[in-house]
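Results of the structural survey
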Amino acid sequence: KYGSDTFDLISVQLYESWSYINCQIRSSQNPSEALRLFINTYENGAMMNFSSISEELKIPALHRIYVQPRKLLVGFSFGMGAGKSIYIPPSRLSDALLGTTESCGMPKERWPRGVFFWDMELDADRPVNGSDLTVSFAAGFNNIFHVR
């Protein structure tokens, strides 16, 4: 109704239960490639299903959403056992944005504005997906974005 210029930032949580990206990665898609496609999809127009609220919003049930990279925030988490919520390491985002020896990165103007994670209090202390592995999202993401 109002267009994407109405919003300064748009956050998308990859860690919602049984998310689409979770399904892609669990079906053996490379996490870095899945992230690159995810970011590109929002810039090029992601198809969303608003069937439960389309009448109230006065929009079609299926609606294409465009998000400029400078407005996109991508949310990560430590995951949840049994695959309900996915953990994607910061290194996979780095591979998606900066590239690897096997793949090119993304031009910086197409990077998302930033990232966030759930939850900061647990950073570097909480086990990933119920394992013994811990991760510092803040340090990992700072290695990519260099914000502090």
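To start, this report covers the structure provided alongside it. (Residues numbered from 1 in each chain as written. Predicted model: local features only at pLDDT ≥ 70, side-chain atom pairs only at ≥ 80, totals over all residues. Heavy atoms only, no water.)

**Description of the pattern of salt bridges**
- If you walk through the whole model with that rule in mind, you get 2 salt bridges.
- Between E33 and R36 there is a salt bridge, with the nearest N and O atoms lying 2.5 Å from each other. Taken together, the residues span about one helical turn, with E33 and R36 both in helix α2 (residues 31-44) at a distance of 3 residues.
- Look at E33 and you get partly exposed, because its relative accessible area is 29%.
- Look at R36 and you get buried, because its relative accessible area is 11%.
- Of the charged contacts in the structure, one is a salt bridge between R110 and E43, with a shortest N-O distance of 2.8 Å. In this pair, R110 is assigned in the loop between α4 (90-98) and β5 (114-118) and E43 in helix α2, connecting sequence segments 67 residues apart. (Salt bridge = Lys/Arg side-chain N within 4 Å of Asp/Glu carboxyl O. Helix = DSSP H or I, 4+ residues; strand = E, 2+ residues; numbered from the N terminus. Buried < 20%, exposed > 50% of the residue type's maximum accessible area, 1.4 Å probe, protein only.)

**A word on the sheet that holds strand β4 (residues 72-77)**
- Sheet architecture is open: 3 strands sit in the order β1-β4-β5, paired in parallel fashion. Looking at strand neighbours, the two that pair on one side only are β1 (10-13) and β5, the edges of this open sheet. Recorded for the sheet is a direction-independent mean angle of 30° between the axes of neighbouring strands.
- Across 5 bridges, the pairing between β4 and β5 is parallel. Within β5, the position partnered with F76 by the bridge is F117.
- On top of the sheet, helix α5 (residues 137-145) reaches β4 and β5; it is set at about 175° to β5, its chief contact. (Pairing = 2+ DSSP bridges. Axes fitted to C-alpha atoms, helices over the stretch in contact; angles between N-to-C directions. Contact = heavy atoms within 4.5 Å.)

**What to know about α2**
- Taking 1.5 Å of rise per residue, 14 residues should cover 20 Å, and α2 covers 20 Å from first to last C-alpha, within 8% of that figure.
- Looking at the buried positions of α2, the neighbouring elements they touch are β1, α1 (20-26), β2 (46-49), β3 (62-65), β4 and α4.
- Its side-chain oxygen 2.7 Å from the backbone nitrogen of S32, N30 forms the N-cap of α2.
- Positioned one or two residues after α2, G45 has a phi angle of 110°, which is positive. (Expected span 1.5 Å × (residues − 1). Polar contact = N/O pair within 3.5 Å; in protein donor to acceptor, adjacent residues only side chain to side chain.)

**Focus: the nonpolar core**
- One finds F76 and L93 to be the most contacted residues of the largest nonpolar core, which totals 30 residues.
- Here this core gets 5 residues from one element, more than from any other, and that element is α2.
- If sequence neighbours within four positions are ignored, L93 has contacts with L35, I39, F76, V115, F141, I144 and F145. (Core = buried A, V, L, I, M, F, W, Y, C linked by side-chain atoms within 4.5 Å.)

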